[in-house]
Amino acid sequence: MSGTYLGLPSFPDAAHTSTHDTQLRANLTHATHTIRTKRATAINELPDWPQLRTAGAAIKDHTLHHLDHYLLQLETAVTNAGGTVHWATDADEANRITTHIIHTTGETEVVKVKSMATQETGLNEALHTAGIHAYETDLAELIVQLAHDKPSHILVPAIHKNRTEIRDIFHNEMAHWGRPAPDHLTDNPTDLAEAARLHLREKFLRTKIGISGANFMIAETGTLVVVESEGNGRMCLTLPDTLISIVGIEKIIPTFQDLEVFLQTLPRSSTAERMNPYTTMWTGTTTHDGPKNFHLILLDNGRTDTLADTTGRQALRCIRCSACLNVCPVYERAGGHAYGSPYPGPIGAILTPQLRGTTTPLDASLPYASTLCGACYDVCPVAINIPEILVHLRERVVQGGPVTVRGTRTTIKPAKGHAAERAAMRAGRWTLDHPTAWSATQRMAGATRRLHPRRLPLPGPAKAWSDARDLPEVPAQGFRAWWQQREKDTQRGKGEQK
Ligand code: SF4
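About the cut-offs
- Residues numbered from 1 in each chain as written.
- Predicted model: local features only at pLDDT ≥ 70, side-chain atom pairs only at ≥ 80, totals over all residues.
- Heavy atoms only, no water.
- 1 Å grid on protein atoms, 1.4 Å probe; cavity = no way out; pocket = protein on both sides within 12 Å on 5 of 7 lines; lining within 4 Å.
- Points joined across faces, edges and corners; volume = space filled by probe spheres on them.
- Helix = DSSP H or I, 4+ residues; strand = E, 2+ residues; numbered from the N terminus.
- Nonpolar A, V, L, I, M, F, W, Y, C, P; charged D, E, K, R; others polar.
- Core = buried A, V, L, I, M, F, W, Y, C linked by side-chain atoms within 4.5 Å.
- Buried < 20%, exposed > 50% of the residue type's maximum accessible area, 1.4 Å probe, protein only.
- Contact = heavy atoms within 4.5 Å.
- Near = heavy atom within 4 Å.
- Sits in = over half its atoms within 2 Å of the grid points.
- Expected span 1.5 Å × (residues − 1).
- Polar contact = N/O pair within 3.5 Å; in protein donor to acceptor, adjacent residues only side chain to side chain.

Side note on empty space enclosed by the protein
Applying the stated criterion to the full structure yields three cavities of 30 Å³ or more. If you add up the space inside the largest cavity, you get close to 100 Å³. Those elements that place two or more of their residues in the lining of the largest cavity are α14 (323–327), α15 (329–334), α16 (345–356), α18 (375–379) and α19 (386–399). For the lining of the largest cavity, the leading source of residues is α16, giving three residues. Each residue belonging to the lining of the largest cavity can be placed in one class, and the counts come to 14 nonpolar, four polar and no charged. Estimated volume of the second largest cavity: approximately 80 Å³.

Right, dumping it as structure tokens:
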């Protein structure tokens, strides 16, 4: 992934700061609770939701198992339709290709929409270095850009800002980027939307290059699909002369008919709408309509390495609906910036350490950014078992072991700072492997249970964990002893009946 997020503090440190920001917590709690309630209503309208969920997971799994085949099919279809396909192994390559395409046109400005992949590659920063100005056109992305901030939510990147803060950002910053905000701008949502509309219109009409992502790429036809609510995406996708779409390779689906499933599950899971207001599809180029040049940059950047992991690969099913963020108690309190990646919340906690690896303190901390409550799994429209992957990645952090890096199988060392956890696990494994020792431990625990403290007085960094958790009460008898006693009592009862 991009270097722009690297060097940020680990999740516990960043969350320690953000959880003390009461305004942030209030903004997040209000927004996530509103959207999760609406989503539940929208989902309950569909009697076949479980079947749609299973179908979505099956389509994605099938595609991932045959990714090589479908990507080549897509390349042929896009090329036959007049587009050009580029392959980018990593973030730098994707940025280099994009910059080169823009330079050959002689332009120095681009409008952008709907592209988490470009946040992943740090494209805006790369373009800035190359003397190219990138303007975000999605309303929430625009707010984040004007505020010199980073997105904190997949769907609502400015979810951490309230209306008054947005009014102030527009008022103070719009004039530096183009058309200023109107005098006496209020924090009424209609007035804010109108100010953004006028500001962006100038950019849409002037800029000759558009950059987008895509929600889906259809292998059989070479069609790309963007679903959105505002219509800014459609302007960005249709008005410029040149369109460059930068898309992760996992966004592919085999056929047009497969969209049927995702166009039901994605809007309901993300914005709680039965159907999103704008669905734009484009296939290569067409004379007299839309962009004259179309470039598709297919981004790997750790995705094929993730595919090599039989447990973790489920994360590549993700359709970026953000439902898991809106139900996550950790995300709600810590906010999106604490995850140090364009992908916050539960999906970020499993995707980022797979795309970037677990070698930095930040990435090694992400699999722990969860209570493992399972709410994310319940709401996921493609049934990604996020808790299972979290536990799998925790094991990788603590134990190290085999992973695939840039296509090569290698063995990574355990991350630093988990010695106590490793020792506890080793002791647990040894005890469970030795039935006599296990029985003795159980007997001893039962006999001394009245002496056990209510909490473990652990020292050092483990204190924060032990101070917040009560120890479970130890029963007088272990399960085996109870079972043997029960069997004896049963036999005795039978004997007495005779
Ligand atoms: S993991 Fe599932 S719930 Fe979360 S964003 Fe992806 S598809 Fe949506």
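Details of the nonpolar core
Among the nonpolar cores identified, the biggest contains 78 residues, and Phe11, Leu296, Ile347 and Ile350 are the most heavily contacted of them. Ignoring anything within four residues of it in the chain, the contact list for Leu296 reads Leu74, Val78, Thr84, Val85, His86, Met217, Leu224, Ser245 and Val247. With 20 residues, the next largest nonpolar core counts Val144, Ile169, Phe170 and Ala181 among its residues.

Section: the site of the ligand
Near the ligand you find Cys318, Ile319, Arg320, Cys321, Ser322, Cys324, Ile347, Cys380, Pro381, Val382, Ile384 and Ile386, and these make up its full shell. The cavity that encloses the ligand is the second largest cavity. Looking at the shell around the ligand residue by residue, the classes come out as 10 nonpolar, one polar and one charged.

Topic: helix α12 (residues 259–270)
Under the 1.5 Å per step criterion, the end-to-end length of α12 is 16 Å for 12 residues, consistent within 8% with the ideal 16 Å. Along α12, 10 of the 12 residues are buried, which leaves the element largely enclosed by surrounding structure. Listing the buried residues of α12 in full gives Leu259, Val261, Phe262, Leu263, Thr265, Leu266, Pro267, Arg268, Ser269 and Ser270. Two residues or fewer past α12, Ala272 is found with a positive phi of approximately 65 degrees.

Comments concerning helix α2 (residues 22–44)
Between its first and last C-alpha, α2 extends 33 Å over 23 residues, near the 33 Å set by a 1.5 Å rise per residue. Regarding α2, the residues found buried are Leu24, Asn27, Leu28, Thr32, Ile35, Arg39, Ala42 and Ile43. Its side-chain oxygen placed 3.2 Å from the backbone nitrogen of Gln23, Asp21 serves as the N-cap of α2.

Worth remembering: the numbers are spatial, not functional.
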